[in-house]
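Summary of the model geometry
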Amino acid sequence: MREKFYVGRFYDRRILFKSSFAPDSANHSRLYDSCVGPFKTKRGAEYFVKHHHIKTVALAEKLAKEEVELANLGQSGQSLKIC
């Protein structure tokens, strides 16, 4: 099975890790209070770690993708239209 990205919570810290199986109390409870995931991309998991206001995997993936797209637009020299 392919390894997927997860974020473990330990007190107020968020820690990115990879696992080839879904975390459960038997194998990850000694490391984390809770786990979130799986994430589709490492970028989404990293975004989730950095932005504590994000509550869902889907939102983290979406905002991380939009952040990269905006950065790419700025680097390409295209003008941004903000409505």
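In short, a report on the structure. Predicted model only: the values in this text are computed from it and were never measured. (Residues numbered from 1 in each chain as written. Predicted model: local features only at pLDDT ≥ 70, side-chain atom pairs only at ≥ 80, totals over all residues. Heavy atoms only, no water.)

Considering the packing of aromatic side chains
This structure, assessed with the given rule, holds 4 aromatic pairs. With centroids separated by 5.8 Å and ring planes inclined at 20°, the aromatic side chains of Tyr6 and Phe17 adopt a geometry described as stacked. One end of the pair, Tyr6, is in strand β1 (residues 4-10); the other, Phe17, is in strand β2 (residues 13-19), and 11 residues separate them in sequence. As far as burial versus exposure is concerned, Tyr6 and Phe17 are alike and both buried. Linked through ring pairs, Tyr6, Phe17 and Tyr32 together constitute an aromatic cluster. A cation over an aromatic ring shows up here: Arg14 above the ring of Phe48, its NZ or CZ 4.1 Å from the ring centre. (Phe/Tyr/Trp six-rings, centres within 6.5 Å; stacked < 30°, edge-to-face > 60°. Helix = DSSP H or I, 4+ residues; strand = E, 2+ residues; numbered from the N terminus. Buried < 20%, exposed > 50% of the residue type's maximum accessible area, 1.4 Å probe, protein only. Lys NZ or Arg CZ within 6 Å of the ring centre and 35° of its normal.)

Brief notes about the pattern of salt bridges
A pair can form between side chains of opposite charge whenever their charged atoms are brought close. For the coordinates displayed, the defined rule picks out 2 salt bridges. The salt bridge involving Lys18 is made with Glu3; its shortest N-O contact spans 3.5 Å. Residue Lys18 is found in strand β2, and its partner Glu3 is found in the segment before β1; the two are separated by 15 residues along the sequence. Overall, Lys18 belongs to the partly exposed group, its relative accessible area being 46%. Classification of Glu3 by relative accessible area gives partly exposed; the value is 41%. Across the pair Glu46 and Lys42 runs a salt bridge, and its minimum N-O distance is 4.0 Å. You can see Glu46 and its partner Lys42 sitting in helix α2 (residues 42-50), 4 residues apart, about one turn around the helix. A relative accessible area of 32% means that Glu46 is categorised as partly exposed. (Salt bridge = Lys/Arg side-chain N within 4 Å of Asp/Glu carboxyl O.)

Structural measurements only, silent on function.
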